[in-house]
Amino acid sequence: MFKPTYVFDKVGEITPEFLHKKQIKGLLLDLDNTLTTHNNPVPPQSSLDWLDKMRAAGIKLMIVSNNHAPRVTPFAEQLGLDFVSEGKKPLTFGYTRAIKRLGLEKRNVAAVGDQIFTDVLGSNLKGIRSIFVFPIEPETSLPFRFKRAIEKAFLPKKPEGAKR
Ligand SMILES: [Mg+2]
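Report follows, based on the coordinates.

Here is what the cut-offs are and how they apply
- Residues numbered from 1 in each chain as written.
- Predicted model: local features only at pLDDT ≥ 70, side-chain atom pairs only at ≥ 80, totals over all residues.
- Heavy atoms only, no water.
- Helix = DSSP H or I, 4+ residues; strand = E, 2+ residues; numbered from the N terminus.
- Rg over C-alpha atoms; globule rule 2.2 N^0.38 Å.
- Buried < 20%, exposed > 50% of the residue type's maximum accessible area, 1.4 Å probe, protein only.
- Contact = heavy atoms within 4.5 Å.
- Areas by Shrake-Rupley, 256 points an atom, 1.4 Å probe, with all protein chains shown as cover.
- Lys, Arg positive; Asp, Glu negative; His and termini not counted.
- Charge placed at Lys NZ, Arg CZ, Asp CG, Glu CD.
- Phe/Tyr/Trp six-rings, centres within 6.5 Å; stacked < 30°, edge-to-face > 60°.
- Pairing = 2+ DSSP bridges.
- Axes fitted to C-alpha atoms, helices over the stretch in contact; angles between N-to-C directions.

**Some points on the overall build of the protein chain**
- A count of helices and strands for the protein chain gives six helices and six strands.
- The N-to-C order of helical and strand elements in the protein chain reads β-α-β-α-β-α-β-α-β-α-β-α.
- Taking 164 residues into account, the globule formula puts the C-alpha radius of gyration at 15 Å, and the protein chain, at 14 Å, falls close to it.
- Overall, the C-alpha framework of the protein chain stretches about 40 × 35 × 30 Å when taken along its three principal axes.
- Counting all 164 residues of the protein chain, 48% fall into the buried class.
- A fraction of 68% describes how many contacts in the protein chain between residues 6 or more apart in sequence connect residues 24 or more apart.
- Surface summary for the protein chain: the accessible area is close to 8400 Å², and the carbon and sulfur share equals 58%.
- Each charge class in the protein chain can be summarised by its mean position, and for the 26 positive and 17 negative side chains these summaries are 6 Å apart.

What follows is the structure, encoded as structure tokens:
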């Protein structure tokens, strides 16, 4: 339940070739610490470039975030992405809604995220594949540090060659 299907160091390393090979046609993207740092309104250039590459390859994209609408809406709009906010992952209704909107079969969709207890667990509960990426930056708030400490036991190994 806590095991991701695939593991990458960061989103930028997920390639269209990989997704084609795995027959993944759509990605449900976590926002915080996956596409940008926590609550940062500005996406890094690397995320923008990666999203362009995915679009060019015909991969359908949608943000599914547990964060609230005032955080997610402007960010998603600036990226030109559709989104589900307050996804309440690991509950699955956010993913259900997003998959329906993408118009894809569940088996052709994977969720991308940096947290085991929300993104990975939610995907497993929904019965879709998950792509775990390591958080861009460690969170500083106490509740988050607590969550991360517990998560440690379930973390996959970093892919080979990953720096940091
Ligand atoms: Mg996250």
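Now that the structure has been shown, we can carry on.
**Some points on the packing of aromatic side chains**
- Applying the stated criterion to the full structure yields six aromatic pairs.
- Seen in terms of ring centroids, Phe8 and Phe18 are 5.0 Å apart; in terms of plane orientation they differ by 80°. Their pairing is edge-to-face. In this pair, Phe8 is assigned in strand S1 (residues 6-8) and Phe18 in helix H1 (residues 16-21), connecting sequence segments 10 residues apart.
- Accessibility expressed as a relative area gives 13% for Phe8, which makes it buried.

**Concerning the sheet that holds strand S6 (residues 129-133)**
- The sheet built from six strands is open, its strands ordered S1-S6-S5-S2-S3-S4 with parallel pairing. What marks the edges here is a single partner per strand, and that holds for S1 and strand S4 (82-84). With direction set aside, neighbouring strand axes in the sheet form an average angle of 25°.
- In this structure, S1 lies alongside S6, joined through three bridges in parallel fashion. When the bridges of S6 are listed, Val7 appears paired with Phe132.
- Its contacts with the sheet place helix H2 (residues 45-56) against strand S2 (26-29) and strand S3 (60-64), and it is angled at close to 155° to S2.
- Helix H5 (residues 116-126) rests against strand S5 (109-113) and S6 of the sheet, and its axis sits at about 160° to S6.

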